[in-house]
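Take a look at the letters that make up each chain.
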Amino acid sequence: EPEVTQTPSHQVTQMGQEVILRCVPISNHLYFYWYRQILGQKVEFLVSFYNNEISEKSEIFDDQFSVERPDGSNFTLKIRSTKLEDSAMYFCASSEEGTIYFGEGSWLTVV
Amino acid sequence: GENVEQHPSTLSVQEGDSAVIKCTYSDSASNYFPWYKQELGKGPQLIIDIRSNVGEKKDQRIAVTLNKTAKHFSLHITETQPEDSAVYFCAAKRSGTYKYIFGTGTRLKVLA
């Protein structure tokens, strides 16, 4: 069964450093997303991406965040200057239309 | 703003019993309601979903009901098994948006 894959599974970074989280969405999907989940809390929407541009973003997704689809298969989330409060599990997701499918997540720890 | 409330936050049931989790949404324009199961250290996995033109949907031991008037929907798991133990999230989405609003999650523990 096709699945969304994410790398790395876990990353520890110093505060202020840049981080790039990578995702390979399901191959025939056209819509891509990033969500995050702070430990013990609910899953929160960050951004959606369609046709090579951001289609929607939340208030969490400020200027420190950016997304890119550098080639035909990868979808990345960049955090320019990480803060302690960016520590969370980041989930990539994709959809054809409607139902979205999540990856296993990238656990980011900012120290 | 948009919000989804979910109850209970934790639920323990004996193996074989039923479990019910309830969610209430605030955005009356919501028209799609998926349920996700999240096991420890993994991503949310879709288990069942329902659209606003349907009142109930069933898939083996899992069913979801939707009351649009009251703006709430529920997940029902019958004949629970230990492997049903996980955190369950409800979500709501309105037409024309790509954003899911998630509930706060329910930690289900099925006791053998």
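Here we summarise the structure given alongside this text. None of these values were measured; they are calculated from a predicted model.

## Looking at the sheet that holds strand β8 (residues 75-79) of chain A
Within a beta sheet, neighbouring strands are joined by backbone hydrogen bonds and run either parallel or antiparallel to one another.
Residue and element names in this part refer to chain A.
Item 1. Strand order in this open sheet of 4 strands is β1-β3-β8-β7, and the pairing throughout is antiparallel. Among the strands making up the open sheet, the edge pair consists of β1 (5-7) and β7 (65-68). Each strand of the sheet is rotated relative to its neighbour by a mean of 20°, with strand direction disregarded.
Item 2. Where β7 and β8 come together, 4 bridges link them in antiparallel fashion. When the bridges of β8 are listed, Val-67 appears paired with Leu-77.

## A closer look at the state of the cysteines
Item 1. For the structure shown, the criterion picks out 2 disulfides over all chains.
Item 2. Each sulfur of the disulfide joining Cys-23 of chain A and Cys-92 of chain A lies 1.9 Å from the other. Judged by the sign of its S-S torsion, about -65°, the bond between Cys-23 of chain A and Cys-92 of chain A is left-handed. Taken together, the residues span a long stretch of sequence, with Cys-23 of chain A in strand β3 (residues 19-24) and Cys-92 of chain A in strand β9 (residues 88-95) at a distance of 69 residues.
Item 3. Linked covalently through their sulfurs, Cys-23 of chain B and Cys-90 of chain B form a disulfide whose S-S length is 1.9 Å. Between Cys-23 of chain B and Cys-90 of chain B, the S-S torsion sits near -100°, and that sign places the bridge as left-handed. A residue pair is termed long-range when its members are at least 10 positions apart, and Cys-23 of chain B in strand β3 (residues 19-25) and Cys-90 of chain B in strand β9 (residues 86-94) qualify at 67 residues.
Item 4. When its relative accessible area of 0% is taken as the criterion, Cys-23 of chain B is described as buried.

What counts, and at which threshold
- Residues numbered from 1 in each chain as written.
- Chains lettered and ligands numbered in written order.
- Predicted model: local features only at pLDDT ≥ 70, side-chain atom pairs only at ≥ 80, totals over all residues.
- Heavy atoms only, no water.
- Pairing = 2+ DSSP bridges.
- Helix = DSSP H or I, 4+ residues; strand = E, 2+ residues; numbered from the N terminus.
- Axes fitted to C-alpha atoms, helices over the stretch in contact; angles between N-to-C directions.
- Disulfide = S-S within 2.5 Å.
- Buried < 20%, exposed > 50% of the residue type's maximum accessible area, 1.4 Å probe, protein only.

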